[in-house]
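# Structural features, examined
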Amino acid sequence: MEDVIKRIVDAEKEAEERIERAKEEAKSIVLKAKEEARAIEEEILAKAQVEADSLIQKAREEGEAEARRILEEGENEIESLRSKAEANFETAIVRAIELVRGG
């Protein structure tokens with residue numbers, strides 16, 4: 001009978017040890033999963049930051065190109081208006097001289 005009780009006690013002890021090992025293994029698995037999740041999250045954030053920086057740079061370049069185009073168009077328009085003003089001024093002077101001469 002003692003032998004049976006000893007085997008039961010040993011079996012219970014073995015079961016408890018297995019349970020403890022399983023708990024430790026489960027903790028280890030959870031910890032490793034958390035670490036892997038953190039690494040994946042950091043990688044995703046890094047890629048997102050790179051893409052965001054790229055989009056910002058592209059938008060900046062497009063904005064600068066648009067600003068240069070608008071500036072160039074403005075300069076062309078100013079030059080055109082200046083030419084027209086000079087032509088009108090010259091015409092006005094010629095007509096004024098004609099009026100003064102009585103013509």
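A few points on the structure. (Residues numbered from 1 in each chain as written. Predicted model: local features only at pLDDT ≥ 70, side-chain atom pairs only at ≥ 80, totals over all residues. Heavy atoms only, no water.)

The next point concerns the overall build of the chain. Summing up its helical and strand segments, the chain has one helix and zero strands in all. For the chain, whose C-alpha radius of gyration is 44 Å, the value lies well above the compact-globule estimate of 13 Å for 103 residues. Here the C-alpha coordinates of the chain stretch approximately 150 × 15 × 10 Å along the principal axes. Counting across all 103 residues of the chain, residues that qualify as buried make up 0%. Just so you have it, the chain exposes about 9700 Å², and 58% of that area is on carbon and sulfur atoms. Considering the chain, the positive charge centre built from 19 side chains and the negative charge centre built from 29 side chains are found 1 Å apart. (Helix = DSSP H or I, 4+ residues; strand = E, 2+ residues; numbered from the N terminus. Rg over C-alpha atoms; globule rule 2.2 N^0.38 Å. Buried < 20%, exposed > 50% of the residue type's maximum accessible area, 1.4 Å probe, protein only. Areas by Shrake-Rupley, 256 points an atom, 1.4 Å probe, with all protein chains shown as cover. Lys, Arg positive; Asp, Glu negative; His and termini not counted. Charge placed at Lys NZ, Arg CZ, Asp CG, Glu CD.)

This part takes up the pattern of salt bridges. Tallied over the full model, the rule gives nine salt bridges. Lys27 is the partner of Glu24 in a salt bridge, and the nearest nitrogen-oxygen pair spans 3.9 Å. Here Glu24 pairs with Lys27, and both are found in helix α1 (residues 2-100), just three residues apart, close to one helical turn. Among the residues examined, Glu24 registers a relative accessible area of 46% and is labelled partly exposed. Judged by its relative accessible area of 56%, Lys27 falls in the exposed class. Put simply, Glu73 and Arg69 hold a salt bridge, and the shortest N to O gap is 2.4 Å. Here Glu73 and its partner Arg69 are both found in helix α1, four residues apart, which amounts to about one turn of the helix. (Salt bridge = Lys/Arg side-chain N within 4 Å of Asp/Glu carboxyl O.)

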